[in-house]
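Descriptive structure summary
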Amino acid sequence: MEVKISNASSLFKENGHDLRGICNLLFNAVLTEICTEGHISSVAAEVEESLLPLYVEYYDEAKEKLAEAVLVFECNQEKAEELISVFNKDYQELKAIDKKIEETGFWTLMFKDFKKFKTYYRRKREIYVKEISLNELLNVAFFKFSKKNGTKQQFIDGIQRFLAGK
């Protein structure tokens, strides 16, 4: 399974959560990806009762996918650190692009800088659709967890307990 980095941005930006917090961020990233593929959101499911059974199905699917991924999880700390570094660079670029887009006035956009705006917007879309595998996402979560001196087995056991409690 591939997960859009934009759906997992909270996990990438995470600092200081315990294992349960990291598990929540990881699970929410997977669930958001599945819901996005199904064209619903948790907010829409809460408001529109007819979407609730579909949301529950996606919820269970997220649990299954995460449980399967944990069973075959292979640790690669260097790759996780590299992914976090790339995310941080992309995040800073995204902030700069948003600022440039925001500063562009309507008339300037219409008559002068449409090509520049289009270039900014295209780059923004490229950043938003970047994807990583679920194993890489688990690596990022484990990297965040291991900063607190946690072991791989503690991480796996913690995720399995978390999923059993859901």
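Calculation rules
- Residues numbered from 1 in each chain as written.
- Predicted model: local features only at pLDDT ≥ 70, side-chain atom pairs only at ≥ 80, totals over all residues.
- Heavy atoms only, no water.
- Helix = DSSP H or I, 4+ residues; strand = E, 2+ residues; numbered from the N terminus.
- Buried < 20%, exposed > 50% of the residue type's maximum accessible area, 1.4 Å probe, protein only.
- Contact = heavy atoms within 4.5 Å.
- Axes fitted to C-alpha atoms, helices over the stretch in contact; angles between N-to-C directions.
- Parallel < 35°, antiparallel > 145°, perpendicular 65-115°, else oblique.
- Left-handed = near helix turned anticlockwise from the far one by under 90°.
- pLDDT = per-residue confidence, 0-100.
- Expected span 1.5 Å × (residues − 1).
- Arc of directions from axis to C-beta.
- Core = buried A, V, L, I, M, F, W, Y, C linked by side-chain atoms within 4.5 Å.

**Digging into the environment of Ile-127**
Relative to the assigned elements, Ile-127 resides in helix H7 (residues 114-128). On the accessibility criterion, Ile-127 (8% relative accessible area) is buried. Considering only alpha carbons, one finds Ile-127 and Asp-90, 37 residues apart in sequence, at a separation of 6.8 Å. The residues touching Ile-127, leaving out its near neighbours within four places in the chain, are Asp-90, Glu-93 and Leu-94.

**Looking at the packing of helix H2 (residues 19-37) against helix H9 (residues 152-165)**
Their axes nearest at 10 Å, the elements H2 and H9 cross at an angle of 65°. Here H9 runs roughly perpendicular to H2, going by the angle between their axes. Our pair here, H2 against H9, has a crossing hand that is right-handed. Contacts between H2 and H9 involve Leu-19, Arg-20, Cys-23, Asn-24, Leu-26 and Phe-27 on the former and, on the latter, Gln-154, Phe-155, Gly-158, Ile-159, Phe-162 and Leu-163.

**Focus: the confidence of the model for the chain**
Here the chain averages 88 in pLDDT, while 92% of its residues score no lower than 70. Mean pLDDT across the elements of the chain bottoms out in helix H3 (residues 42-47) (65) and peaks in strand S2 (residues 131-133) (95).

**A short note on H9**
Every α-helical turn comprises 3.6 residues, leaving residues that sit three or four positions apart pointing alike. When the terminal C-alpha atoms of H9 are compared, their 20 Å separation across 14 residues agrees well with the 20 Å that a helix rising 1.5 Å per residue should span. Regarding H9, the residues found buried are Phe-155, Ile-156, Gly-158, Ile-159, Phe-162 and Leu-163. The buried residues of H9 occupy an angular sector of 160° when the element is viewed end-on, so they sit on one face. Facing away from the buried side of H9 by over 90 degrees, the exposed positions are Arg-161, Ala-164 and Gly-165. Here the buried face of H9 lies against H2, helix H4 (52-71) and helix H8 (134-146).

**What to know about the nonpolar core**
Formed by 42 residues in total, the largest nonpolar core has its most connected members in Phe-12, Leu-137, Leu-138 and Phe-155. Looking at this core, the elements that each hand over two or more residues are helix H1 (9-13), H2, H4, helix H5 (77-103), H8 and H9. No other element matches H2, which puts 11 residues into this core. When neighbours within four sequence positions are excluded, Phe-155 is seen to be in contact with Leu-19, Phe-73, Leu-138, Ala-141, Phe-142 and Phe-145.

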